[in-house]
Amino acid sequence: ASRIEYSPAIIYHYFSNKDEILGYIMRNGYQDLLSDLSTGMNTSDTPVSGLKTLTRNYIESALRRPGEFLAIQLNGTPEVLEFTSYLFENAAERKAALKMLAAAVRELNSPNVSDHEVEITAQYIAASTLGLVTRLILEKDIPAERKAEIIDHYSEAVVRMAKLSI
């Protein structure tokens, strides 16, 4: 409300409750995120650069919307968790962003690596990325150069995490 210079009461003229507002923000934010992620995947020429780009795009997309990101990702209500959870079995079949990440992990590995290993690897990469983004948002005094260094190093580490052996 303050960002668009409206009183909180007027917002409820358009939405019936807080959950409806969060649902709207989640749908729009998720579409923006998917757009950011797919752009990076389409412009990468190798699996390694694709995964690095996917990782950076996710982090940068989240950092452009810090308030929305934290409000949604750290919300444990059942309505919000329906959108944000991704640690359940076969989540990559239902979650587009996780599906992209799992595809990037798959490309880095031999066909002998099981789909289960690929998905669980994508899940822990997603969870660790959530942790990094949360810290980058909360620790406001990190200089831009240090943030860039951390993101670059993390992107390299994600590639190492994603390379599985059988």
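The structure this text deals with has already been given above.
Residues numbered from 1 in each chain as written. Predicted model: local features only at pLDDT ≥ 70, side-chain atom pairs only at ≥ 80, totals over all residues. Heavy atoms only, no water.

Turning our eyes to something else, we now look at a nonpolar patch on the surface. Taken together, the side chains of Ile4, Tyr6, Ile10 and Tyr14 present a nonpolar region at the surface, about 420 Å² in accessible area. Mapped onto the elements of the fold, tyrosine 6 is located in the segment before helix H1 (8-14). (Patch = residues over 30% accessible without salt bridge, like charges linked within 9 Å, V, L, I, M, F, W, Y side chains within 5 Å. Areas by Shrake-Rupley, 256 points an atom, 1.4 Å probe, with all protein chains shown as cover. Salt bridge = Lys/Arg side-chain N within 4 Å of Asp/Glu carboxyl O. Helix = DSSP H or I, 4+ residues; strand = E, 2+ residues; numbered from the N terminus.)

Before going further, it helps to spend a moment on the packing of helix H3 (residues 47-64) against helix H8 (residues 144-162). Put simply, H3 and H8 touch, their axes get as near as 9 Å, and they point 130 degrees apart. If you check the angle between H3 and H8, you find them oblique. Once H3 is placed against H8, the crossing between them reads as right-handed. Between H3, through Val48, Leu51, Lys52, Thr55, Arg56, Ile59 and Leu63, and H8, the contact on the second element is made entirely by Ile151, Asp152, Tyr154, Ser155, Glu156, Val158, Val159 and Ala162. Across the contact of H3 with H8, the residue classes tally to 9 nonpolar, 2 polar and 4 charged. (Axes fitted to C-alpha atoms, helices over the stretch in contact; angles between N-to-C directions. Parallel < 35°, antiparallel > 145°, perpendicular 65-115°, else oblique. Left-handed = near helix turned anticlockwise from the far one by under 90°. Contact = heavy atoms within 4.5 Å. Nonpolar A, V, L, I, M, F, W, Y, C, P; charged D, E, K, R; others polar.)

This part covers the pattern of salt bridges. Side chains carrying opposite charge are able to pair once their charged atoms draw close together. Taken as a whole and judged by the stated rule, the model has 5 salt bridges. As a salt-bridge pair, lysine 52 and glutamate 156 come within 2.6 Å of each other at their nearest N and O atoms. Of the two residues, lysine 52 sits in helix H3 while glutamate 156 sits in helix H8, which places them 104 residues apart along the sequence. Under the relative-accessibility criterion, lysine 52 is labelled buried at 17%. The partner of glutamate 149 in a salt bridge is arginine 146, and the shortest N-O contact between them spans 3.0 Å. Here glutamate 149 and its partner arginine 146 are both found in helix H8, 3 residues apart, which amounts to about one turn of the helix. A residue is classified by how much of its surface remains accessible, and glutamate 149, at 45% relative accessible area, is partly exposed. (Buried < 20%, exposed > 50% of the residue type's maximum accessible area, 1.4 Å probe, protein only.)

What follows deals with the packing of aromatic side chains. What the rule picks out here adds up to 1 aromatic pair. Geometrically, the ring pair formed by tyrosine 58 and phenylalanine 69 is edge-to-face, given 6.3 Å between the ring centres and 75 degrees between the ring planes. Of this pair, tyrosine 58 sits in helix H3 while phenylalanine 69 sits in helix H4 (residues 66-73), placing them 11 residues apart in sequence. Take tyrosine 58: its relative accessible area is 17%, and that puts it in the buried class. The exposure class assigned to phenylalanine 69 is buried, which follows from its relative accessible area of 9%. (Phe/Tyr/Trp six-rings, centres within 6.5 Å; stacked < 30°, edge-to-face > 60°.)

The next subject is the environment of alanine 62. Looking at the secondary structure, you find alanine 62 in helix H3. Separated by 75 residues in the primary sequence, alanine 62 and isoleucine 137 place their C-alpha atoms 8.9 Å from one another. For alanine 62, the contacting residues outside a window of four places in its chain are Phe69, Val133 and Ile137.

Relative orientation of the contacting elements helix H7 (residues 115-138) and H8 amounts to 170 degrees, with a least axis distance of 11 Å. As far as their axial angle goes, H8 and H7 are roughly antiparallel. Contacts between H7 and H8 involve Thr121, Tyr124, Ile125, Ser128, Thr129, Leu132 and Leu136 from the former and Lys147, Ile150, Ile151, Tyr154, Val158, Met161 and Ala162 from the latter. Here the residues of the contact of H7 with H8 sort into 10 nonpolar, 3 polar and 1 charged.

Formed by 32 residues in total, the largest nonpolar core has its most connected members in Leu51, Ile59, Phe69, Leu98, Leu101 and Val133. Secondary-structure elements contributing two or more residues to this core are H3, H4, helix H6 (96-107), H7 and H8. Residue contributions to this core peak at 9 residues, all from H7. Residues contacting leucine 51, with those up to four places away along its chain left out, are Leu101, Ala104, Leu108, Val158, Val159 and Ala162. (Core = buried A, V, L, I, M, F, W, Y, C linked by side-chain atoms within 4.5 Å.)

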